[in-house]
Amino acid sequence: MPGIFTALLSGALMSIQGVFNTEVTKQAGLWVSTGWVQLTAFLVCAAAWAFTGRPQIGALFAAEHKYTLLGGVIGAFITVTVIRSMADLGPARSVMLIVIAQLAVAYLIELLGIFGVEKQPFQWRRLIGMAVAIAGIVIFKWEK
């Protein structure tokens, strides 16, 4: 149950953040806004680190697969693409497409067993579930 609550909270926060970032971008520009997001995220993380267990920072560089350290770089591009898509499509359409892309890529990662994820067998019901989600987007977007 905690995982479900956390996932729902994450989705809600991502939607709110996307709207906030899109508004800031209108006034400050795309890269300034993105930089602000990343800087403030760093400051929150540094404060949380200071008040919690304080694991060694050097442990980061002991990561077995160095490519996994690119999460922050990817995060910057996530921020940029969310801002751009929300500005172009609006929050609801943008988030629906983002979620479908997340679902499709996550399932592909599981099917191929890449990035250290345990390989999962293909299941038709998951593919059908994705098709139903895509149909939901088409219905949601459908205009007379």
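What comes next is a walk through the structure. Bear in mind the structure is a predicted one, so any value in this text is a computation, not a measurement.

### Examining the layout of surface pockets
Next, step 1: In this model, the largest pocket occupies a volume close to 220 Å³.
Next, step 2: Looking at the largest pocket, the residues that line it are Phe42, Cys45, Ala46, Trp49, Gln56, Ile57 and Leu60.
Next, step 3: Class assignment of the residues belonging to the lining of the largest pocket gives a composition of six nonpolar, one polar and no charged.
Next, step 4: Volume-wise, the second largest pocket comes out at about 170 Å³.
Next, step 5: Around the second largest pocket sit Gln17, Phe20, Asn21, Val24, Ser33, Trp36, Val37, Thr40 and Ala41, which together line it.
Next, step 6: Those elements that place two or more of their residues in the lining of the second largest pocket are α1 (2-28) and α2 (30-51).
Next, step 7: Among the elements that line the lining of the second largest pocket, the one with the most residues is α2, at five residues.
Next, step 8: When its residues are assigned to classes, the lining of the second largest pocket shows five nonpolar, four polar and no charged.

### Brief notes about the packing of α1 against helix α3 (residues 71-89)
Next, step 1: Between α1 and α3, the least distance of the axes is 9 Å, while the angle of their chain directions is 80°. Taken together, the axis directions place α1 and α3 in an arrangement best described as roughly perpendicular. Residues Ser15, Gly18, Val19, Asn21, Thr22 and Thr25 of α1 form the contact with α3, whose own contacting residues are Thr79, Val82, Ile83, Met86 and Ala87.
Next, step 2: Residues that form the contact of α1 with α3 fall into these classes: five nonpolar, six polar and no charged.

### Describing the packing of aromatic side chains
Each aromatic ring pair is characterised by the separation of its centres together with the angle its planes make.
Next, step 1: Scanning the model with the defined rule gives three aromatic pairs in all.
Next, step 2: Between Trp31 and Phe77 the ring centres are 6.1 Å apart and the planes differ by 80°, which places this aromatic pair in the edge-to-face class. Within this pair, whereas Trp31 is found in helix α2, its partner Phe77 is found in helix α3, the two being separated by 46 residues in sequence.
Next, step 3: On the basis of relative accessibility, which here comes to 53%, the residue Trp31 falls in the exposed class.

How each quantity is defined
Residues numbered from 1 in each chain as written. Predicted model: local features only at pLDDT ≥ 70, side-chain atom pairs only at ≥ 80, totals over all residues. Heavy atoms only, no water. 1 Å grid on protein atoms, 1.4 Å probe; cavity = no way out; pocket = protein on both sides within 12 Å on 5 of 7 lines; lining within 4 Å. Points joined across faces, edges and corners; volume = space filled by probe spheres on them. Nonpolar A, V, L, I, M, F, W, Y, C, P; charged D, E, K, R; others polar. Helix = DSSP H or I, 4+ residues; strand = E, 2+ residues; numbered from the N terminus. Axes fitted to C-alpha atoms, helices over the stretch in contact; angles between N-to-C directions. Parallel < 35°, antiparallel > 145°, perpendicular 65-115°, else oblique. Contact = heavy atoms within 4.5 Å. Phe/Tyr/Trp six-rings, centres within 6.5 Å; stacked < 30°, edge-to-face > 60°. Buried < 20%, exposed > 50% of the residue type's maximum accessible area, 1.4 Å probe, protein only.

Read these as geometric descriptors, not functional statements.
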